[in-house]
Amino acid sequence: QHLTVWIFDSKKWKIKDDGLKSLDDNIPVLITLETWGGNQLLSRFNHPLQEVADGKYDEVFKAICTQWIGPRKNVYLRFDPDMEVPVTFYPWQYYGPGYIDAFRRFSEVCKKYAPQAKIVWGPAGYPGVMEFYPGDDVVDAATITLKSDTEMSLDVYPKNYPVKYELQRRLHRLRFMNKPIYVLGSK
């Protein structure tokens, strides 16, 4: 199962629907947390990464870990994906070092309140991806995304590579990372 949670409010997170309770505890769940940093209309122009690094999202992450995830095992928490793709599809793209600081803060808070959860770094696998790697000490696993929406919006590289070649290219870019890598498809 893969769930995506959009976080617009750095002050609180209201739990309206607990979709995790409907899933058997033995089913692994990947939860992608996206920090949008404001209301939906302005979110593409905000820079939520600095707010995450400054601790303004700590209470939200704590609530997600304690109230929503709780003691559940088999949870993978993925933070602001496709950060390395040079587009402005998400508000956290094009921020380089700011991403690393924010990821490290996210990991620190989540490990404190949900130590059983695995922290996932979620690049698309685009060239230059390792410039955004936050470090072995805060990453438990990684994902790569084949034909991600962010990368498909670019006209830099051909888009019709066979899946085998596409997978080889993306895995090759992460070859120096000694962590499990999960392959995700796109829509």
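Calculation criteria
- Residues numbered from 1 in each chain as written.
- Predicted model: local features only at pLDDT ≥ 70, side-chain atom pairs only at ≥ 80, totals over all residues.
- Heavy atoms only, no water.
- Buried < 20%, exposed > 50% of the residue type's maximum accessible area, 1.4 Å probe, protein only.
- Helix = DSSP H or I, 4+ residues; strand = E, 2+ residues; numbered from the N terminus.
- Arc of directions from axis to C-beta.
- Contact = heavy atoms within 4.5 Å.
- pLDDT = per-residue confidence, 0-100.
- Core = buried A, V, L, I, M, F, W, Y, C linked by side-chain atoms within 4.5 Å.
- Axes fitted to C-alpha atoms, helices over the stretch in contact; angles between N-to-C directions.
- Parallel < 35°, antiparallel > 145°, perpendicular 65-115°, else oblique.
- Left-handed = near helix turned anticlockwise from the far one by under 90°.
- Nonpolar A, V, L, I, M, F, W, Y, C, P; charged D, E, K, R; others polar.

Draft legend 1. Spotlight on helix α5 (residues 163–173). Listing the buried residues of α5 in full gives E166, R169, R170 and R173. End-on view of α5: buried residues confined to an arc of 90°, all on one side of the axis. For α5, the exposed residues set more than 90 degrees away from the buried face come down to K164 and Q168. Buried residues belonging to α5 abut β5 (141–145) and α4 (149–152).

Draft legend 2. The confidence of the model for the protein, seen in detail. With 92% of its residues at a pLDDT of 70 or more, the protein shows a mean pLDDT of 87. When pLDDT is averaged over each element of the protein, strand β4 (residues 118–121) comes out on top at 98 and α4 at the bottom at 78.

Draft legend 3. A look at the nonpolar core. Ranked by size, the top nonpolar core spans 43 residues in total, and within it I31, L33, F61, L77, F79 and W121 carry the most contacts. Apart from residues lying up to four places away in sequence, L33 is in contact with V5, I7, F61, I64, L77, R78, F79, D80 and F106. If you look at the next biggest cluster of nonpolar residues, it comprises 5 residues, including V85, V87, A124 and Y126.

Draft legend 4. Representation of the packing of helix α2 (residues 58–69) against helix α3 (residues 97–113) within the structure. Where α2 meets α3, the axes come as close as 9 Å, and the angle between the chain directions of the two elements is 40°. Taken together, α2 and α3 sit at an angle that is classed as oblique. Here α2 and α3 pass one another in a crossing that is right-handed. Along the contact surface, α2 presents D58, F61, K62, C65 and T66, while α3 presents R105, F106, V109, C110 and Y113. Here the contact of α2 with α3 is composed, by residue class, of 6 nonpolar, 1 polar and 3 charged.

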